[in-house]
Amino acid sequence: MTRMTPQQENVDKIGSVLVVGSGIGGMQAALDLANSGFMVHMVSDEPSIGGTMSRLDKTFPTGDCAMCMISPRMVESSRHPNIHLHTLAKVLSIDGQEGNFVAKINQQPRYVDADRCTGCGACEPACPSKVFDSFNQGLNKRKAIYALFPQAVPNTRAIDPQHCLYLTKNVCRKCEKACEANAINFTDTGKEIELNIGSIILTPGLATYQPEIRGEFGFGKHKNVVTALQFERLLSASGPCGGEVARPSDGAHPKRLAWIQCVGSRNAHNANPWCSSVCCMYAAKQSIIAKEHDPEVRSTVFYMELRAFGKDFDKYIEKAKNDAEVVYKRAMVSEVIEDPETQNLFIHSVGEDGKLVNEEFDMVILSIGFEPREDAKEFAEIFGVSADEYGFAKTSKLHPVETSRKGVYVAGTYQGPKDIPETVIQGSGAAAEAMALLGAKRGSQVVEVKLPDERDTIGEEPRIGVVVCHCGTNIAGTVDVEKVAAEAAGQPGVAHSETIIYACAPDGQQKIRDLITEKKLNRIVVASCTPRTHGPLFMDTIREVGLNKFLFELADIREQCSWCHMNDKENATSKAIEIVNMNVAKTRNLVPVTTASVGVEHTALVIGGGIAGMNASLSLAAQGYGVHLIERQESLGGLLHKVYTTIDGDDVQTYLADTIQKVENNPSITVHLEKTVHKIDGFVGNFETLLEDGEKISHGALLIASGGVEYQPTEYGYPDSKRVITQRELESDLYHQGPQDGATYVMIQCVGSREDPDNYCSRICCQDALKNAIAIKEKSPTARVIILYRDMRAYGLKEDYYKKARDIGVLFFLYTPDLKPQTEQVGDKVRVRFLSTVLGKDMVVDADYLVLSTGFRPQPDGDDFAKKFKLTCNIDGFLLEAHVKLRPVDFPSEGFFLAGLAHAPKNLEETISQSLAASARVGALLSNDKLSVSGVISKHNRDICMSCLACVKKCPFGAPFIDEDGRVSHNEVKCTGCGICAGVCPAKAYQVNYFRDDQILAMVDSVTDH
Amino acid sequence: MAHDEVKKEILSPEKKCEVPENWKANILAFACHYCAFAAADLAGVMRLSYPTNVKVIRLPCTGKLDQIYLLRAFERGVDGVFAAG
């Protein structure tokens, strides 16, 4: 391919990106790009951004409220100066090419003037037209004038033109009279806009299977049969029954719940052939949360195969089984029958023993799967991208976020069924591709943030505003929030106190900003959730109206009060009062803190020269940053050297050689082979790493892609018998010699996985077994292949290969860990004995090859490695990310990022996506010219310092030092604000901003003031 | 004297005082923002239940814990201090 010179290449490129879809994937892509200096136009066909995740009640494994996690992202997306939201909008056409597209967008009329609407909701009661609420999955009704959901962003109502009486029948206009803000505009018309953009990211999301099609389950006929998404809304505090699960027929609390898995999935006859990837885990989550709602709940999950293939997923299933007493039944459900009197439901199923069972339940939940949206075909045509036979965007395993059209990328469920973290990863990954494409145009289209000057509050008496959050029912269901607010109002310095339904929602934050202005407040206490996640959001909020960020404190009355004391409402309320008053006392003593900023070294250090590290390095180099790539082996490539094809048949070795060559030839990438890190110093934006050989590298960010190792089995006679091999060895044999005609291959899954002490799923072994089994049968139909499995985890579109394997004659037999296959060497063969539960008898097979599906292990020196960088590992030894759902490639320590097998077992496609995601996150950081240093640092008072050197000896970061005059000085840039210096200083010469002694002691005094 | 009582007397540095019925210890915890405070949050996320008579004061690190805080807490009648980090 001829490459144009970079200069020519950049002439016509536009530094802005169109993101189509506004769910969690679209928002991730938009925020990464916006934070990286690109202008983003985000298009959503709904009146609010948020997508499918906003419809979920909670997410596993933490049980965090989905809305509480997504709400700050929605707010950030709507407030970001580099993101333009276009809601109720649709892309009509795309012209142009990679780097310079023209998008025509049709914006539907909202009939509500967004600038005037305050989101007060006074219009809704006035509206006489009731419509099934699509957000609540039709479980209740909303009005024709509506907000999609209470925390909608933008927080303005919209009129549904199909149901509005004025717009359909020319009568009514009641909302117009009810609206005091004069925001109703019936003359609103749709408009077409044209946008010039350099790249496009498609994240349109999904549709769910319509379960009416499977009449035997009675959905639509039996009232108490609901979809899993409906059940999500029933569980939700902001759902149609306020979080008190009520069954549709009579509003009673259901006690006996059943989930039917794979409804609409894994069935080519009257449903979709693919596996939807997420239903096994959401059913476990829902059953656990249902039990939390009502301890009397008894749950049963009817399933075909438990596909708990992700990081820590199996542990969560164990939690469902052991803690929530969920009964898992491997059974095909033939029908659901309603008792006409009680409207209870009977499930007929065939158990593993082949016997028919009939059980009664109060409610049945159908675990419906994903499918492409109805308009997927038209969508693909508009954007000029190819779709696969099912309507998902066509991508390759080696380029998972690239569509068939250059410059157009894809993320999330439009690329195939996947869960939230994988969607977030692809969102960042697609952003990385756009960043690489448009690297030279970074900063060309964006506007600078202008915050109002900070108000000088020095000398003012404290005027504290206290806002107590209901958090739906999360707090208000346990704690008497009105009482907490009333008690706070009586505290000295408190000028105003009130409660609010969701403090973190846009209307909540606007309320806080308004209060500051109206009531002339100079300090704010929000009593809601943990300061660890929501503190920065509120600090930004108050800064936007000119208040110093540090005149704020968050009182944690959710995680540390309402959630732990659900059964003791009275004492929980007393505790909440004490917590709030403590924080009010601290806030009285708060003073403004100024934050300094430091420059950024625009270079990344990548550890690990496997495919993850190499892909990330190439992306970063293309984005315009310098890269140091460190590999401890003598060559690049890592574990991928042993892989020959993907399950789709891509030639992996050619791809690998090509990638290595690109890395070696890239002038921005410095490769350090046979090198390891000795230690890392510095801080985000300005790290200095010392290699073992003494070389020093300055860098602004660190990306860890240190990989994992293959498990070397000791089971089933490996490595003593030549006839016993691993899947990897089989792959090599098949590639080099091909299969042996007429031979019998027996594969055993989960060797060394899913059992103590390595009780996790290695994720790739089922795919590998299918890949190799198909390769054998296709080349040599006379060969026999038998796979002994526990659960075939052919998730997502890989289900096609499972079906294909069965169709071409691969035999599958289930085994359980308590009854593993028995093997013995008999002459030249391995005799395998196992029990077939379906046939009900013992089987004996003489195998020419016994193939062990062995998984991954973390690096053997992983613990020491983690310690070197002060990182933590999960119980299995894989590095722990900052947040399982929403920050899957970040570490909690700023400036540290993660990709590849070091995070968890995953296949090549997933590793590539993740490495791109990490490079987007790194790129967004390195794009800054300056970073603000945290205000929480230690302040040194030289006047009272005796230079005893206690601090110099104790500081782990080397911030205090002996200055030229022989006395102690303090380098604030190195300071992390831990306060060890303040603790050891006998002269009290150190005070930590925001945690000063007077502030902490005020808390102690408050809580002991009885 | 029963063995247990002897043991109790040896272990207790002070004389036993009357413990009123329904008495609950008032406990103050000093927790590191990054670990113990996060753990207290996690307890909530996991809906683990514990008595309400413990309040957490967040510190940037337990390194910030100062003797003054502990002494002030005891001076003002706290029954126990829990430092975690």
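Structure shown above.
Predicted model, so just to flag it, every value in this text is computed and none were measured.

Moving on, we get to the overall build of chain B. A count of helical and extended segments in chain B gives three helices and three strands. Ordered by position from N to C terminus, the α and β elements of chain B give α-β-α-β-α-β. Across the 85 residues in chain B, those meeting the buried criterion constitute 28%.

The subject of this paragraph is unusual backbone geometry. Residues and elements named next belong to chain A. Along the chain, Phe 60 connects to Pro 61 via a cis peptide bond; the corresponding omega equals 0°. Within the secondary structure, Pro 61 is located in the loop between strand 3 (58-59) and strand 4 (64-65). Pro 719 follows Tyr 718 through a cis peptide bond whose omega is 0°. Relative to the helices and strands, Pro 719 is located in the loop between strand 37 (708-710) and strand 38 (724-726). A positive phi angle, close to 55°, is found at Arg 266, a residue other than glycine. We classify Arg 266 as buried; it has 22 C-beta atoms within 10 Å.

All names here are of chain A. If you walk across this open sheet you meet the five strands as 38-45-39-40-41, and the pairing is parallel. Sheet topology places strand 38 and strand 41 (811-814) at the edges, where each strand pairs with a single neighbour. Along the sheet, successive strands turn relative to each other by an average axial angle of 25°, direction set aside. Relative to strand 40 (residues 784-789), strand 39 (residues 744-751) runs parallel, the two being bridged by five bridges. Looking across to strand 40, one finds that Ile 748 is bridged to Leu 788.

This part is about the pairing of strand 35 (residues 696-699) of chain A. All names here are of chain A. Sheet analysis places strand 34 (residues 686-691) next to strand 35, joined by four bridges and oriented antiparallel. Directly across from Phe 687, in strand 35, lies its bridge partner His 699. As consecutive antiparallel partners, strand 34 and strand 35 are separated by four residues, and within that stretch Gly 694 has a phi angle of approximately 100°, a positive value.

On to the interface of chain B and chain A. Between chain B and chain A, the residue contacts involve 31 residues of the former and 39 residues of the latter. Per-element accounting of the side of chain B that touches chain A gives the leading share, six residues, to helix 2 (residues 36-45) of chain B. Among the residues making up the side of chain B that touches chain A, the classes are represented as 17 nonpolar, six polar and eight charged.

Here we come to the packing of helix 2 (residues 24-35) of chain A against helix 11 (residues 420-437) of chain A. Residue and element names in this part refer to chain A. Running from amino to carboxyl end, helix 2 crosses helix 11 at an angle of 35°, the nearest separation of the two axes being 8 Å. Here helix 2 runs over helix 11; the crossing is right-handed. Of the residues in helix 11, those in contact with Ile 24, Gly 25, Gly 26, Gln 28, Ala 29, Asp 32 and Leu 33 of helix 2 are Ile 420, Thr 423, Val 424, Gln 426, Gly 427, Ser 428, Ala 430, Ala 431, Ala 434 and Met 435. Across the contact of helix 2 with helix 11, the residue classes tally to nine nonpolar, seven polar and one charged.

Residue and element names in this part refer to chain A. Strand order in the open sheet made by the three strands is 6-7-12, with antiparallel pairing throughout. The open sheet has two free edges, formed respectively by strand 6 (89-97) and strand 12 (191-197), since each of these has just one partner strand. For this sheet, the mean inter-axis angle between neighbouring strands, taken without regard to orientation, is 20°.

All names here are of chain A. Positionally, Val 466 belongs in strand 25 (residues 464-469). C-alpha separation for the pair Val 466 and Val 580, spaced 114 residues apart in sequence, amounts to 8.6 Å. In this structure Val 466 touches Ala 485, Ala 488, Val 494, Ser 497, Val 525, Ala 527, Val 580 and Val 584, once residues within four positions along its chain are discounted.

The next point concerns the packing of helix 12 (residues 481-489) of chain A against helix 16 (residues 569-588) of chain A. Residue and element names in this part refer to chain A. Following both chains from N to C, one finds helix 12 and helix 16 inclined at 35°, their axes separated by 9 Å at the closest point. Viewed along their axes, helix 12 and helix 16 form a crossing whose handedness is right-handed. Contact with helix 12, carried on its side by Lys 483, Val 484, Glu 487 and Ala 488, involves Thr 573, Ala 576, Ile 577, Val 580, Asn 581 and Val 584 of helix 16 and no other residues of that element. Taken together, the residues that form the contact of helix 12 with helix 16 break down as six nonpolar, two polar and two charged.

Scoring rules and cut-offs
- Each chain has its residues counted from 1, running along the sequence as written.
- All chains are assigned letters beginning with A, and all ligands numbers beginning with 1, in the order in which they are written.
- Note on the predicted model: pLDDT of at least 70 is required for a residue's local features to be given, and 80 or more for side-chain atom pairs to be given and counted; whole-chain, interface and lining totals, by contrast, use all residues.
- Helical segments are the DSSP runs of H or I of at least four residues, strand segments are the runs of E of at least two, and each set is numbered from the N terminus.
- Exposed residues have 12 or fewer other C-beta atoms within 10 Å of their own C-beta, buried residues have 20 or more, and residues in between are partly exposed; the C-beta atoms are placed from the backbone.
- Note: two strands are recorded as paired if DSSP finds a minimum of 2 bridges between them.
- Every axis corresponds to a line fitted to the C-alpha atoms, with the helix fit spanning only the stretch in contact, and the corresponding angles, defined between N-to-C directions, vary from 0 to 180 degrees.
- Residue pairs qualify as contacts under a 7 Å threshold applied to their C-beta atoms, which are placed from the backbone.
- Under the scheme applied here, ten amino acids are nonpolar (Ala, Val, Leu, Ile, Met, Phe, Trp, Tyr, Cys and Pro), four are charged (Asp, Glu, Lys and Arg), and all others, including Gly, are polar.
- Helix crossings fall into two classes, left-handed where the near helix is turned counterclockwise from the far one by less than a right angle and right-handed where it is turned clockwise.

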